[in-house]
Structures are given as C-alpha cells and as structure tokens.
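# Structure at a glance
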Amino acid sequence: MKNVALHNLGCKVNAYEIDVMQQMLQEKGYNIVSFDEHADIYIINTCTVTNIADRKSRQMLHRAKARNPEAVVVAAGCYVQTGKEQIEKDPAIDLAIGNNRKKDIVSILEEYLEKRERQSAPKTPRPVIECMDMKDPCAYEEMTLTHTAEHTRAYIKIQDGCNQFCSYCIIPYARGRVRSRRMEDIISEITGLSRNGYKEIVLTGIHISSYGMDFDDGSDLLSLIEKIHQIEGICRIRLGSLEPRIVTEEFARRLGCLSKVCPHFHLSLQSGCDATLKRMNRHYTTGEYFECVERLRRHFVHPAITTDVIVGFPGETEEEFAKTREFLARVQFYEMHVFRYSARKGTVAAGMKEQVPDSVKAQRSGELLRMEKEQSGRFREKYINQVEEVLFEETKLWEGKIYQIGHTSRYVKAAKLCEDNLSNRQIKGRLTKFLTEDILLME
C-alpha cells in the first residue's frame, strides 16, 4: 500500500479529526509515515482562523508538493471551506476535502486514485474539490477514535459548529451551525478509550457550551459530563473552552460535586472592556464574567482559570486597553493566551474603522504577556511544598538527567527525577521547587 503522511494545523478539534483520519487509513492498510519523509500521499488538515493561518496552510501544502512532486497532496478542512478560489488555482493541491467530509477520506481518496490511474496524464488539470456548503443545515459528522498519539490523554469531539458570530471570527462560515454528537456515541467512544488504557479525557468542540442545544431531549453539557463521570477507568475529565454564560450557580455547584472533573477551566474573555466586548459581539459583560469566575472559586478549591485575550481590536483606545489590563489584574488568571488582533477577510471586524497600528498592538501585547508571566508564576508558587497527584505523560532529558513529566489536575506541569518510564501512572508526591519557570519538581 501507499505511504501516507499527515500534518495538522489549528485547534484540538482538527487534532481529533486528523487522528481519526489516520486511524481509518491505517485500518485500510495504508502505511503512515512522518510528514518529513518521502510519501505517496500528503494530507494537511488546514486552519483558516486568521489570514496567517491561511498562509501557513498554503505553505504546508506547497512544502509537501516540493518534497515529492509526484505525490497526491490533499488539503482538508477549514481552509478548503473559505479559500475555494485560491485552491482552484493552486498547482500544489490535487484533492481538497471540506468539513463534514473528513469521515469519507478513504473513499474519496481511493476514488481519486483510481480515476488518476485511468488517465494518461499524471494528475487532473485542476484540483478535485469535495466540499459541501456549510451555510446549509447538516448532520453531525460521525467519527470514532480508538487510540491517539498521546498515551494518557484523549481529546473527544462532542460537537461542531458555532452560532455566536463574533465580529472577528470566520469559523461559523467554515464550520457551519451548531450540531451536537449523540450522547450514547460519546459514552461508547470514551468507554472504549478507557478499556485501551486512557485515564484522562478532554471534551472539545468548536463551541462546547452549545452542546445539546439542537436536541429536543433536554441533553446539555452538564448532563453529558455527569454521564462520563460514571465511566470506570476514567480518572480525569477536562473541559475545553467554555463561554462564561454557561457557568451558572447550578452548573458550578453540580460540577463541583464530580470528583473526576479537573479544577481547570478555560473561560473565553477576549477583552476586559465592555465597550470592546460589544464591538466584538461577545454576549456578556465583564461584570457577568467576574461572577462566573467567583462561582467556580466557590465550588472548587483554587481552580486554575485560563483565558484568551485579544489586544488591538479595532477602536481599542488607550482607555479601553487600560480597563482590560485592570480587569485582568483583578481576576488573577493561571494562564492567559494573548493574541494581537489580525483582520480576517470576510468578517465584520475586518471592515471596521480605526484599525490599531501594529506597533501599538505589539506594545499592548508585551504588557499583558509580562502580566501573564507574573500571574502564572504566583499560581504555580502556591503548590511548592504541597502534595499533589501527577499523571505522568512523557520522558525528557534535562541537563543530562532523565525526568518523567506530567500534569496535576490543575494542569500545573511537574517533573520527577526518575529513569523508569512512569507514563500513564498517577503518583502522589511533594512539589519542592521550580525546575524551570513553568515546571515544578516532585520529590
């Protein structure tokens, strides 16, 4: 069989989908090789969240064709949905497969290969595009994972699509409207992964807070988590990015009763200024956001709260940025992912006036990154001389010594000096000091 190399760009949903595509290809007898190797087929799962992501997708597609000009180069995913005009003219791409068609990767690829072999020319003159219009209603794309590249943690896709239409975001156009996966299929997949030795699962999706809104049986994210909590062998449940509005008092209280739920929550913020949030079409205020954080802190002991922040959004004045900075200082996050606003063609924000100069974005980003480093360091410092349980994941060499590396339930990275492979083992120990600025050493 042919050698296939796969490469993923973008989010954890893409990572899940490429794991499933690789699994399906292996089951059909294809030989999976590293993307750096010579292959007969290259599959790039693309990203389109920013113009830069589009460019990176094109670069990887061209890199694959340069590595083997005779190879079949396949573009899959979000860039295919939004960049059809560019794809049609791109000589590096042979086959393009859009979202909600990835489950058909094997049949689409084999049909293309068979047609190509029948032709005298080595390839069709233009890329073959297998892509559906994501504006139309569609069903959830059923995919099932039995193993992943990681040996301890598995990312589980529970829904697709988004109905929020934030003014800076193209994803609702690339992924379509919200559609949820059937609960019984999620439970079945996680049960199988548990039998295969996975101890930690991470629920992911494009907008997991919307899970179940398209069902009429009362299913929602909280009821799904409670079902997963009952699965034997699963020790940790992590949640992907949450919208603040989902964190009601009842949500936080019921979640706090589930011992397997990790006290680690990513609450999407984007700005600490209400005027900026309104222009972003975010559906909450900073006051509402802070109440959500307080609810989690009432029902969980010292939870790790992480977030995303965009600086330099169109119209962001010095006063608005100062409000964001003050709000971030008030909340005190574990980690903040700071992004400089990048205009995405096709979004409302790209056409807004008062675009912020790149030099100002850089200065504001630098300020928040320094703040993030201080807050993150203070959070980790609280665990020095504390006994914590670490789920170990990998072995690393550091300054000539062998360490086992893993994470606590709050996603604090820890290292243990040990030559024995502790992967997929949960071990309690005292965290004594910083090994690096972001890794604590366990006795």
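Residues numbered from 1 in each chain as written. Predicted model: local features only at pLDDT ≥ 70, side-chain atom pairs only at ≥ 80, totals over all residues. Heavy atoms only, no water.

### Focus: the packing of helix 11 (residues 286–299) against helix 12 (residues 318–331)
At a minimum axis distance of 11 Å, the contact between helix 11 and helix 12 shows a crossing angle of 15°. When the axis of helix 11 is compared with that of helix 12, the two are roughly parallel. When the axes of helix 11 and helix 12 are compared, the crossing they make is right-handed. Contacts between helix 11 and helix 12 involve Thr286, Tyr289, Phe290, Val293 and Arg297 from the first element and Phe327, Arg330 and Val331 from the second. (Axes fitted to C-alpha atoms, helices over the stretch in contact; angles between N-to-C directions. Helix = DSSP H or I, 4+ residues; strand = E, 2+ residues; numbered from the N terminus. Parallel < 35°, antiparallel > 145°, perpendicular 65-115°, else oblique. Left-handed = near helix turned anticlockwise from the far one by under 90°. Contact = heavy atoms within 4.5 Å.)

### Quick word on the sheet that holds strand 13 (residues 335–340)
Sheet architecture is open: three strands sit in the order 11-12-13, paired in parallel fashion. For this open sheet the edge positions go to strand 11 (264–266) and strand 13, each flanked by a neighbour on one side alone. Pairs of neighbouring strands in the sheet enclose a mean axial angle of 15°, with direction left out of account. Two strands pair when backbone bridges link them, and strand 11 and strand 12 (residues 304–311) are joined in this way by three bridges, in the parallel orientation. Within strand 12, the residue paired with His266 across the bridge is Thr306. (Pairing = 2+ DSSP bridges.)

### A few points about the pairing of strand 15 (residues 401–407)
Most of strand 15 sits inside the fold, with five of its seven residues counted as buried. Between strand 14 (residues 386–398) and strand 15, which follow one another and run antiparallel, lie two residues, and Glu399 among them has a positive phi close to 50°. When strand 15 meets strand 16 (residues 413–417), the two strands line up antiparallel, connected through five bridges. Across the sheet, the residue bridging to Tyr403 is Leu417, located in strand 16. (Buried < 20%, exposed > 50% of the residue type's maximum accessible area, 1.4 Å probe, protein only.)

### Quick word on the pattern of salt bridges
Tallying each qualifying case throughout the model produces 33 salt bridges. Notably, a salt bridge pairs Arg118 with Glu114, separated by 3.3 Å at the nearest N-O pair. With Arg118 and Glu114 both in helix 5 (residues 105–118) and four residues apart, this pair spans about one turn of that helix. With a closest N to O distance of 2.8 Å, Glu226 and Arg254 form a salt bridge. With Glu226 in helix 8 (residues 221–228) and Arg254 in helix 9 (residues 249–256), this residue pair connects regions lying 28 residues apart in the sequence. A relative accessible area of 24% places Glu226 in the partly exposed class. When its relative accessible area of 24% is taken as the criterion, Arg254 is described as partly exposed. (Salt bridge = Lys/Arg side-chain N within 4 Å of Asp/Glu carboxyl O.)

### Some points on the side chain of Arg364
Tracing the backbone through its elements, the reader meets Arg364 in helix 13 (residues 358–381). Under the relative-accessibility criterion, Arg364 is labelled buried at 2%. A polar contact of 2.8 Å, which involves the side chain of Arg364, links it to the side chain of Glu316. Among the polar contacts listed, one links the side chain of Arg364 to the side chain of Glu318, at a separation of 3.2 Å. With sequence-adjacent residues up to four places away left out, Arg364 is seen in contact with Val311, Gly312, Glu316, Thr317, Glu318, Phe321 and Val356. (Polar contact = N/O pair within 3.5 Å; in protein donor to acceptor, adjacent residues only side chain to side chain.)

### Some points on the sheet that holds strand 9 (residues 200–205)
Read from one edge of the open sheet, four strands run 8-7-9-10, paired in mixed fashion. Looking at strand neighbours, the two that pair on one side only are strand 8 (179–180) and strand 10 (236–239), the edges of this open sheet. Here strand 7 (residues 153–160) pairs with strand 9 via six bridges, running parallel. Within strand 9, the position partnered with Lys157 by the bridge is Thr204. Its contacts with the sheet place helix 7 (residues 183–195) against strand 7 and strand 9, and it is angled at close to 170° to strand 7.

### Considerations on helix 12
The terminal C-alpha atoms of helix 12, which comprises 14 residues, lie 20 Å apart, in line with the 20 Å expected from a rise of 1.5 Å per residue. The inward-facing, buried residues of helix 12 contact helix 10 (274–280), helix 11, strand 12, strand 13 and helix 13. Taken from the residues just after helix 12, Gln332 is the one with a positive phi, measuring 65°. (Expected span 1.5 Å × (residues − 1).)

### Here we look at the pairing of strand 3 (residues 41–46)
Counting buried residues along strand 3, six of its six residues qualify, which places the element largely inside the surrounding structure. Burial along strand 3 is two-sided: Ile41, Ile43 and Asn45 and Tyr42, Ile44 and Thr46, pointing in opposite directions, are all buried. As judged from the five bridges shared by strand 1 (residues 3–8) and strand 3, these two strands associate in the parallel manner. Note that in strand 3 the partner of Ala5 across the bridge is Tyr42. Here strand 3 runs beside strand 4 (residues 72–77); their pairing, made up of six bridges, is parallel. Looking across to strand 4, one finds that Ile44 is bridged to Ala75. Each parallel crossover has a hand, and for strand 3 linked through helix 2 (residues 51–67) to strand 4 it is right-handed. (Right-handed = clockwise from strand over helix to strand, strands pointing away.)

### Section: the packing of helix 1 (residues 12–27) against helix 5
Packed helices, taken two at a time, are described by the angle between their axes plus the distance between the axes. For the pair helix 1 and helix 5, interaxial distance at closest approach is 9 Å and the crossing angle is 60°. Compared by their axis directions, helix 1 and helix 5 come out oblique. On helix 5, the residues touching Met21, Met24 and Leu25 of helix 1 are Ile105, Val106 and Leu109. Partitioned by chemical class, the residues of the contact of helix 1 with helix 5 number six nonpolar, no polar and no charged. (Nonpolar A, V, L, I, M, F, W, Y, C, P; charged D, E, K, R; others polar.)

### Focus: the packing of aromatic side chains
Counted under the stated rule, the structure contains twelve aromatic pairs. With 6.0 Å between their ring centres and 90° between their planes, Tyr211 and Phe215 make a pair best called edge-to-face. With a centroid separation of 6.2 Å and an interplanar angle of 40°, the aromatic rings of Tyr284 and Tyr289 are classed as tilted. With a relative accessible area of 5%, Tyr284 lands in the buried category. The class for Tyr289 is buried, based on a relative accessible area of 0%. Linked through ring pairs, Tyr284, Tyr289, Phe290, Phe327 and Phe333 together constitute an aromatic cluster. (Phe/Tyr/Trp six-rings, centres within 6.5 Å; stacked < 30°, edge-to-face > 60°.)

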